[in-house]
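Coordinate analysis (summary)
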Amino acid sequence: MTPLPADVLAAFAPSAARRRRDRAARGVIAGLTVLALIPLVLLVYYLLRKGLGSWSGSFFTTDPTGATFFKNVSIGGIKSAILGTIEMVALASAIAIPIGVGVAVWLVEYGRAGAFANVVRFFVDVLTGVPSIVFGLFIYITLVITGLVGRGLAGYKGSLALALLMLPVVIRSSEVILLLVPNSLREAALALGAPRWKVISRIVIPTALPGMITGVLLAVARASGETAPLLFTVGGANKTTLGLGAQVNALPLQIYNDIISPTTAVINRAWGAALTLVVMILVLNLIARLTSRRSRVA
Amino acid sequence: MTTASVPAGDRSVLERSPAARLPDRALRYGLTGLAALILALIAFFFVRLVGESQPALSRFGVFGFALHNDWNVSLDHFGALPLLVGTLVTSFLALIIGVPVAVATALFITELCPRRIRTPVTILIELLAAVPSVVYGLWGIFFLAPKLLPAEKWVAAKLSFLPYVGGGTVTVPNQFVTGLVLAIMILPIVSAISREVMATVPADQKEAALSLGATRWEMIRIAVLPYCRSGIVGGAMLGLGRAIGETIAVTILIGDSPVLGHQLFGQGYTLAAVIANEFGEASGLHRSALFAAGLVLFVLTLVVNGIARYFVLRAARGTRVAPDKAGPDADAGAAAAVGA
Amino acid sequence: MTADGSSPPRAAAPRGRRRGSGDPAAKTNAAPAASEERPLTKQAHAVRLEKLRAFYGRAEQVKGVDLDFHANQVTAIIGPSGCGKSTLVRCINRMHEEIPDAHAEGRVLLDEVDIYGSEVDVVAVRRAIGMIFQKPNPFPTMSIFDNVAAGLRLSGAGRSDLHEKVESALRGAGLWEEVKDRLAQPGIGLSGGQQQRLCIARSLAVDPEVLLMDEPCSALDPIATLKIEDLIDELKLAVTIVIVTHNMQQAARVADRTAFMLSGELVEVGPTNTIFTNPTDRRTEEYVTGKFG
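These notes cover the structure that comes with them. (Residues numbered from 1 in each chain as written. Chains lettered and ligands numbered in written order. Predicted model: local features only at pLDDT ≥ 70, side-chain atom pairs only at ≥ 80, totals over all residues. Heavy atoms only, no water.)

All right, on to the overall build of chain B then. Within chain B, the regular secondary structure consists of 12 helices and 2 strands. Listing the helices and strands of chain B from first to last along the sequence gives α-α-β-β-α-α-α-α-α-α-α-α-α-α. The long-range fraction of contacts in chain B, counting pairs at least 24 apart against all pairs at least 6 apart in sequence, stands at 71%. Surface exposure of chain B reaches about 13900 Å², of which carbon and sulfur atoms provide 66%. (Helix = DSSP H or I, 4+ residues; strand = E, 2+ residues; numbered from the N terminus. Contact = heavy atoms within 4.5 Å. Areas by Shrake-Rupley, 256 points an atom, 1.4 Å probe, with all protein chains shown as cover.)

Residues and elements named next belong to chain C. The 4 strands are arranged β2-β1-β4-β5 in an open sheet whose pairing can be described as antiparallel. The sheet is open, and its two borders are formed by β2 (59-69) and β5 (113-114), each paired with just one other strand. Relative to β2, strand β1 (residues 47-56) runs antiparallel, the two being bridged by 8 bridges. Bridge assignment links V47 to a residue of β2, and that residue is F69. The strands that helix α2 (residues 85-92) touches are β1, β2 and β4 (102-110); relative to β1, the one it contacts most, it runs at about 115°. (Pairing = 2+ DSSP bridges. Axes fitted to C-alpha atoms, helices over the stretch in contact; angles between N-to-C directions.)

Here the focus is helix α5 (residues 133-158) of chain B. The terminal C-alpha atoms of α5 of chain B, which comprises 26 residues, lie only 33 Å apart, well short of the 38 Å expected from a rise of 1.5 Å per residue. Of all bends in α5 of chain B, the biggest is about 45°, found at G140 of chain B. (Expected span 1.5 Å × (residues − 1). Bend = angle between axes of the 7 residues up to and from the residue.)

Before going further, it helps to examine the pattern of salt bridges. Applying the stated criterion across every chain, the model contains 38 salt bridges over all chains. Ionic pairing is found between R121 of chain A and E175 of chain A, a salt bridge with its closest N-O pair at 2.6 Å. Here R121 of chain A is found in helix α4 (residues 115-129), whereas its partner E175 of chain A is found in helix α6 (residues 155-180), with 54 residues between them in sequence. Exposure remark for R121 of chain A: the relative accessible area of 24% places this residue in the partly exposed category. Here E175 of chain A falls in the buried class, since its relative accessible area comes to 11%. When the shortest N-O distance is used, the salt bridge between E111 of chain B and K206 of chain B registers 3.1 Å. With E111 of chain B in helix α3 (residues 81-112) and K206 of chain B in helix α7 (residues 203-210), the pair connects residues that are 95 residues apart, well separated along the chain. A residue is classified by how much of its surface remains accessible, and E111 of chain B, at 11% relative accessible area, is buried. Judged by relative accessible area, which is 19%, K206 of chain B ranks as buried. (Salt bridge = Lys/Arg side-chain N within 4 Å of Asp/Glu carboxyl O. Buried < 20%, exposed > 50% of the residue type's maximum accessible area, 1.4 Å probe, protein only.)

Turning to the nonpolar core, a few remarks are in order. Formed by 233 residues in total, the largest nonpolar core has its most connected members in F65 of chain B together with L49 of chain C. Sequence-distant contacts of L49 of chain C, that is, excluding residues within four places in its chain, are made with V65, D66, L67, F69, L88, I92, R107 and V108 of chain C. A173, L231, L235 and F276 of chain C belong to the second-largest nonpolar core, a separate cluster that totals 47 residues. (Core = buried A, V, L, I, M, F, W, Y, C linked by side-chain atoms within 4.5 Å.)

Let us look at the interface of chain B and chain C. Tallying the contact residues gives 23 residues for chain B and 26 residues for chain C. Across the chain B to chain C interface the summed buried area is about 2000 Å²; carbon plus sulfur atoms make up 63%. The interface formed by chain B and chain C contains 4 residue pairs in polar contact (both at pLDDT 80 or more). Those elements giving two or more residues to the side of chain B that touches chain C turn out to be α7 and α8 (216-245) of chain B. Ranked by residue count, the leading element in the side of chain B that touches chain C is α8 of chain B, at 8 residues. (Buried area = accessible area lost by both parts, 1.4 Å probe. Polar contact = N/O pair within 3.5 Å; in protein donor to acceptor, adjacent residues only side chain to side chain.)

This is the structure:
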């Protein structure tokens, strides 16, 4: 800053030290922000570089052979992993979404600020913080070692663990959106003589729908990437099985198992699978974002 | 509101038939039942978890298990202290590295950033949360850890006089890299919560500071940061909870050495990682000990998340001058940042 | 406006409160210092607006205003809602440009220095030209002492200096006696009127040349309002004051000169008494007699 022409303002000007501190602080903040974005860039770059190389027609259409230690044996692709993930997440969603939305509707429309509702909210909070591996333990305790549904690992048990994981996310995001539906809408419908269930199903939910879809899609994306809940509930497999009654493969499981392999080809497959998984999740995120643009409440 | 005394044909226009009221009642009780089901489920799981941990806990005592320093599978002796310490060390490392960076990104986006690039930068930070944990592990072990190895060796050599940092062998899976990757993983959530609170700083607070002749940074220092203290602490605690419970990335990156007092650049172990690695082949007392480890982990995340919510809610209600956003919305806003 | 409808504005001017001299005619005197028998505490600077235009995006809210604010005098700006008076005042300490897409054109001269000049540091401008806001806004996380000291600490005032200056600022704001025993308590624990005087003390502490007040009493009760109006009367001995108000009685009570704005334009400016008893422009007359507003 060059000296001012007249000195009225000169007495009030900040000292050079203050100006320096201001510039330095702003520089540090901007710098740390760039620092935060560097891992993302490196991750994407590396994923693309190592993963794209593995992609091929046969990569997506052959099952892994399970041969991971021998150099010249074909290792196969990831077909069963992709299908397994899709099946399991679909089942998990089919369980978690109705229950989750139902609980959210109850919280907003019936429970509201009551004591019981607050207890429920507290427990949903608790569920949010549970580490994903503990969900696997929960299902293991109830369904794998007890004789309830037959011992042993199975795809649907993994789905249940994933559903438990998705539940609090669906409940929380649905509750937020339902709360944003203006009360005046409900009151207008009630004033027309509509019964409560019609108000909910015809007015509230359709208004909240885009926002709820966003929340659900994000929960689905999250569940697709989870490995820990599947470790002792599903077990993994090689062949594609269309039913979920027995052990099934899943993308995260496949990657996890491939990482410890000494064979380069297998590790490359892991990169290809990782890229596939990330692309799937990004697509879900994108659809979620586009849906939220069409939201009528927020 | 009874219809008992009125014959069907004479019902007034103000009353509804029992059949018409059925859907309402069914919905209400059905949904209430669902909510109660959630409670029952969680209580049930907790009880079963305690039950399965019983053998190990009664063998070693609760505190004996949690605080004894010896996890020895072959000798059937299980003290979880090295796991607990490993969990806490990596998680706090994640906090130390991740929280300042996350708060900086939040400040940048809300206070310094030109409006045009605000959304793109926000989306990029959020993208970090979309990457699954196993992919972080894959990238960490094959790209990041080897790349950092020379630098880590240099630091260990230069600071060899420091007990925990220098000295020992530097391995590729190590606690430092684990903490670093955990920091990257918790960054989005801490940033999101910080941004939420910063957006609620009333404009006239910031204007009051500016009109005193404060520079931009001084305005942030006087008007924004003190106002957001509670919220930022809450966000950091949520990040801590996330770091404590993180399993897969940690399992891949930390090695598997359940020995206490290890080096920063050496292997370690955490509660979550030990379960992931050893559960498959465990039986008897070992398995029970792993369940007990799961219980400890569960309780730990419960406590940390509870503290976190306290701070976040305090920020949502606390120093606000104009209470135009009452309870549910403020909670919902913070909740949305957490859950979504 | 009709809240004060009981007494016609024309009679309100002579009813002005303590002005040192009991002579109502003294208020209309053009020479600033001579109308008061009290000596100036500090010779402040004058502000002049030249062709000031203020925009929100493309919308022009202030349309070419030329206006003088005399040193050590109180100038009130009155006008109906939306006439641009707040926007105008926010251009004087360059707060207007903090709003995204907002900008100003023209010149604002603080004693012949254009504060919109390219060489000028906006931080210095804001320290020289202080602002009191409509709703009292003490920093909620700070004590009374820290609030007043906030501006001083920025420029690195020494410890001993700090206590002196805080006390003198609080005295200047007429708050010292009420808070001297509880300086460590939080600023927001005070009543509304006290909080506003705290904000005034905070602004005074950095020794500004000009004090802008944007409807400072609109959130306060009548007693607190009176206290602040008394204060303004004292403050003008040290600073030039510009006060935006929608309350014409208040303008009549505190201001030496009054400017009337309508739809972004300056309609008329002059000694307060003249504006209220003998305005030149017909629109001014209609406004002060309550025909619209």
